[in-house]
Amino acid sequence: AVNHERQKIDGLTDALTGIANRRLFDHRLREEISHWARHDRPLSCILADIDRFKEINDRHGHGVGDQVLRDVAASLARNLRFGDVLARYGGEEFCLLLPATTAAVAAAIAERMRQGVAELAFGDDRWHVTVSVGLACLEGHFRPAAEDVGAWLVEQADTALYRAKQSGRNKVIVSISA
């Protein structure tokens, strides 16, 4: 029974960072979309991507890149509340679900996360990393026309993240579509 539980937890956790993996995120996204539809409470989604991560791996090696991923995950987790979900979405990208959180509150949380990551220092020469952040929110009487609302929400956050990257990195952009 203990081994079965351990396997179940391992199947939902990113081995490198110790946070949720994409499978758990997708499961919780479906749950939270269901809550949003039934209770009409806001739901925010944040995508955060480490800026120029390939350069970190190329310059400092993959071991240092792994440490950056672990430290960034820990920094992002410091701003979470009970019920929030932080997951490694892929590579150097993290996704957060903030149930019952308006866009304004989520933007403040995202900005604290961005600043927290920027304060991390690595190596003997204390170099820094930054993250670009995209945010989307379902709130008010807004109902997207999309068939898969969860996928739509993540796509809106991803579009905002892309705009953050294109406009100079190390910033939070809130989706104007949500």
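Residues numbered from 1 in each chain as written. Predicted model: local features only at pLDDT ≥ 70, side-chain atom pairs only at ≥ 80, totals over all residues. Heavy atoms only, no water.

## Comments concerning the overall build of the protein
Rules: By the criteria applied, helices consist of DSSP H or I runs no shorter than four residues and strands consist of E runs no shorter than two, each listed in order from the N terminus. Residue exposure (1.4 Å probe, protein chains only): buried if accessible area is under 20% of the type maximum, exposed if over 50%, otherwise partly exposed. Methods summary: accessible areas were calculated by the Shrake-Rupley approach with a probe of 1.4 Å, and residue burial reflects only the protein chains presented. None of His or the chain ends enter the tally, which takes Lys and Arg as positive and Asp and Glu as negative. By convention, the point assigned to a charge is CZ for Arg, NZ for Lys, CD for Glu and CG for Asp.
The number of helices and strands found in the protein is six helices and five strands. Each helix and strand of the protein, placed in order from N terminus to C terminus, yields the pattern α-α-β-α-α-β-β-α-β-α-β. In terms of overall dimensions, the protein has C-alpha extents of about 50 × 50 × 25 Å along its principal axes. Counting only residues that meet the buried cut, the protein has 44% of its 178 residues in that class. Only carbon and sulfur atoms are counted for the fraction: they give 51% of the accessible area of the protein, which is about 9300 Å². Measuring between centres, the 23 positive side-chain charges of the protein sit 2 Å from its 25 negative side-chain charges.

## Things to note about the layout of surface pockets
What counts is decided by this rule: For cavity detection a 1 Å grid was placed over the protein atoms alone, and a set of points counts as a cavity when a 1.4 Å probe fits there but cannot get out; an open set counts as a pocket when protein lies on both sides within 12 Å along at least five of seven lines, with lining residues being those that have an atom within 4 Å of a point. Grid points are joined across faces, edges and corners, and a volume is the space filled by probe spheres set on the points. Classes in brief: Ala, Val, Leu, Ile, Met, Phe, Trp, Tyr, Cys and Pro nonpolar; Asp, Glu, Lys and Arg charged; the others, Gly included, polar.
Here the largest pocket defines a volume of roughly 200 Å³. What lines the largest pocket is simply Asp51, Arg52, Glu55, Ile56, Arg59, His60, Trp127, His128, Val129 and Thr130. Grouping the constituent residues of the lining of the largest pocket by class yields three nonpolar, three polar and four charged.

## A closer look at the side chain of Ser132
What counts, and what does not: Pairs of N or O atoms are called polar contacts if they sit within 3.5 Å, as long as, within protein, a hydrogen donor faces a hydrogen acceptor (for residues adjacent in sequence, only side-chain-to-side-chain pairs). Throughout, a residue-residue contact means that at least one pair of heavy atoms, one from each residue, lies within 4.5 Å.
Mapped onto the elements of the fold, Ser132 is located in strand 4 (residues 131-138). For Ser132, a relative accessible area of 0% gives the class buried. From its side chain, Ser132 meets the backbone nitrogen of Asn170 in a polar contact 3.2 Å long. Each residue touching Ser132, except ones within four places of it in the same chain, is listed here: Leu47, Ala48, Asp49, Asp51, Leu161, Ala164, Lys165, Arg169, Asn170 and Lys171.

## Concerning the environment of Phe53
Here Phe53 lies in helix 3 (residues 53-60). Separated by 78 residues in sequence, Phe53 and Val131 place their C-alpha atoms 9.6 Å apart. If we skip the residues at most four places from it in the chain, Phe53 touches Gly65, Val68, Leu69 and Glu92.

## Observations regarding the nonpolar core
So the rule is basically this: Among buried residues, those of type Ala, Val, Leu, Ile, Met, Phe, Trp, Tyr and Cys that are joined through side-chain atoms within 4.5 Å constitute a nonpolar core.
If you look at the biggest cluster of nonpolar residues, it comprises 28 residues, and the most contacted ones within it are Ile50, Val68, Val72, Phe94 and Val129. Listed by contribution, the elements that provide at least two residues to this core are strand 1 (43-50), helix 3, helix 4 (62-77), strand 3 (93-99), helix 5 (103-118) and strand 4. Dropping the residues within four chain positions of it, Val72 is found in contact with Ile50, Phe94, Val117, Leu120, Val129 and Val131. Among the nonpolar cores identified, the runner-up in size contains 21 residues, and Phe25, Tyr89, Leu97 and Val154 belong to it.

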